[in-house]
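# An overview of the molecular structure
In case you want the letters, here they are:
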Amino acid sequence: MLTLGTIELGEKPAVVIAIQRPVSPADLAMECPHAIVELRLDGLADTSPAAHVAFAEQYEGFNRLATIRHQDEGGAWRGNEEQRLASYRAVLPVVDAVDVEVLVGSITNAVVAAAHDSGKIVIGSFHDFDETPSAKRLEEVFAAGRAAGVDIVKVAARCNTAEDGRRLAAFTLAHCDDNIIVVGMGPYGMASRIFFPALGSLLTYTFLGEPTAPGQLNCHDTLKYLNGFYPQGVARP
């Protein structure tokens, strides 16, 4: 079983709260206790490694996931790949995991190697903000993630129809024992954020402040529904 920081993944729904602007650690602890904090470093105005480390250090005591999302997959990063890799390497000592894209950019293998050398886990992600890929394409993404050596493959895709949601659900069930995260975006994907953990998705994402993806539920509603539908509650440190 994988562990992200002090949270075991798989037995209970694990919640990630994404932040891309400064949020009070006290507010985080009060509003979304036990959540993994995803530090969306690509959203910071200062793109230097030092600024990224300083931002991450503000959330000492939380389980931290660092993401520097490439612009080709909906992120705000506009620098070059050498700078992005430098920031990933700089923050590894102060976070518990990193998220890097599987199919875009040129630094995936280097990030995986650096993270594993530091004893940290890697989420290899794929995002499609327009549509849900075909079943064949989803399998290609999964295979690419495994080939890159990531620990968890994440697929986030916009669901434009109920059938899109069912396709993502089928993909999740097919890989329920393979360490995956699957998220449906948009109105037809919203239910995935509550129910896909029951199918095998390791993490579900929420926000405090402003959403980082379409269809995200805020942390209050996310916890309300998860605690309502899952008698075991959410994963805790």
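See above for the structure.
Residues numbered from 1 in each chain as written. Predicted model: local features only at pLDDT ≥ 70, side-chain atom pairs only at ≥ 80, totals over all residues. Heavy atoms only, no water.

## Considering helix H4 (residues 108-117)
What H4 keeps buried is the set Thr108, Val111, Val112, Ala114 and Ala115. Remark: Gly119 follows H4 within two positions and exhibits a positive phi of approximately 75 degrees. (Buried < 20%, exposed > 50% of the residue type's maximum accessible area, 1.4 Å probe, protein only. Helix = DSSP H or I, 4+ residues; strand = E, 2+ residues; numbered from the N terminus.)

## Overview of the pattern of salt bridges
Inspection of every chain in the model, using the stated rule, returns nine salt bridges. Here Arg137 and Glu140 are joined by a salt bridge, their closest N and O atoms 3.3 Å apart. One end of the pair is Arg137 and the other is Glu140, both in helix H5 (residues 135-148) and three residues apart, which spans about a single turn. By relative accessible area, which is 35% here, Arg137 ends up partly exposed. One salt-bridge network, in which partners are shared between bridges, spans Arg69, Glu81, Arg84, Asp99 and Glu101. (Salt bridge = Lys/Arg side-chain N within 4 Å of Asp/Glu carboxyl O.)

## What about the nonpolar core?
Membership of the largest hydrophobic core comes to 57 residues, with the highest contact counts inside it found for Leu28, Leu39 and Val98. Look past the residues within four positions of Leu39 in its chain and what remains in contact with it is Ile19, Phe55, Ala56, Tyr59, Arg64, Leu65, Ala66, Thr67 and Val95. Residues Leu4, Val183, Met185 and Leu203 belong to the second largest nonpolar core, which totals 21 residues. (Core = buried A, V, L, I, M, F, W, Y, C linked by side-chain atoms within 4.5 Å. Contact = heavy atoms within 4.5 Å.)

## Looking at the sheet that holds strand S6 (residues 97-101)
With parallel pairing, the eight strands of this open sheet are ordered in space as S9-S8-S7-S6-S5-S4-S3-S10. Looking at which strands have only one partner, the edges of the open sheet turn out to be strand S9 (180-185) and strand S10 (203-207). The mean inter-strand angle of the sheet, taken between neighbouring strand axes irrespective of direction, is 25 degrees. Against the sheet, H5 touches strand S7 (121-128), strand S8 (152-158) and S9, its axis set at about 150 degrees to S8. Contacts from helix H6 (residues 162-174) reach S8 and S9 within the one sheet, and its direction differs from that of S9 by about 175 degrees. (Pairing = 2+ DSSP bridges. Axes fitted to C-alpha atoms, helices over the stretch in contact; angles between N-to-C directions.)

## Re the environment of His52
The residue His52 is located in helix H2 (residues 49-57) in this model. A relative accessible area of 0% places His52 in the buried class. As a C-alpha pair, His52 and Glu81 span 29 residues in sequence and 15 Å in three-dimensional space. If we skip the residues at most four places from it in the chain, His52 touches Leu41, Leu44, Asp46, Thr47, Ile68, Trp77, Ser87 and Val91. Of the polar contacts made by the side chain of His52, one reaches the side chain of Ser87; its length is 2.8 Å. (Polar contact = N/O pair within 3.5 Å; in protein donor to acceptor, adjacent residues only side chain to side chain.)

## Brief notes about the pairing of S6
Counting buried positions over the five residues of S6 gives five, a clear majority of the element. In S6, alternate side chains face the same way, and those of Ala97, Asp99 and Glu101 on one face and Val98 and Val100 on the other are all buried. The sheet contact formed by strand S5 (residues 64-67) and S6 spans three bridges and is parallel. For Leu65, the partnering residue across the bridge sits in S6 and is Ala97. Handedness of the β-α-β unit built from S5, helix H3 (residues 81-91) and S6 comes out right-handed. In this fold, S6 hands off to H4, which returns the chain to S7; that crossover is right-handed. (Right-handed = clockwise from strand over helix to strand, strands pointing away.)

## Quick word on the packing of aromatic side chains
Inspection of every chain in the model, using the stated rule, returns three aromatic pairs. Taking 5.5 Å as the distance between ring centres and 65 degrees as the angle between the ring planes, the aromatic pair formed by Phe55 and Tyr59 counts as edge-to-face. Residue classification places Phe55 among the buried positions, given a relative accessible area of 4%. A ring pair is formed by Tyr59 and Phe62, whose centres lie 6.4 Å apart and whose planes are at 65 degrees; its orientation type is edge-to-face. Each residue in the set Phe55, Tyr59 and Phe62 is aromatic and connected to the rest through ring pairs, giving one cluster. A cation over a ring is seen here: Lys154 above Tyr205, with NZ or CZ 4.1 Å from the ring centre. (Phe/Tyr/Trp six-rings, centres within 6.5 Å; stacked < 30°, edge-to-face > 60°. Lys NZ or Arg CZ within 6 Å of the ring centre and 35° of its normal.)

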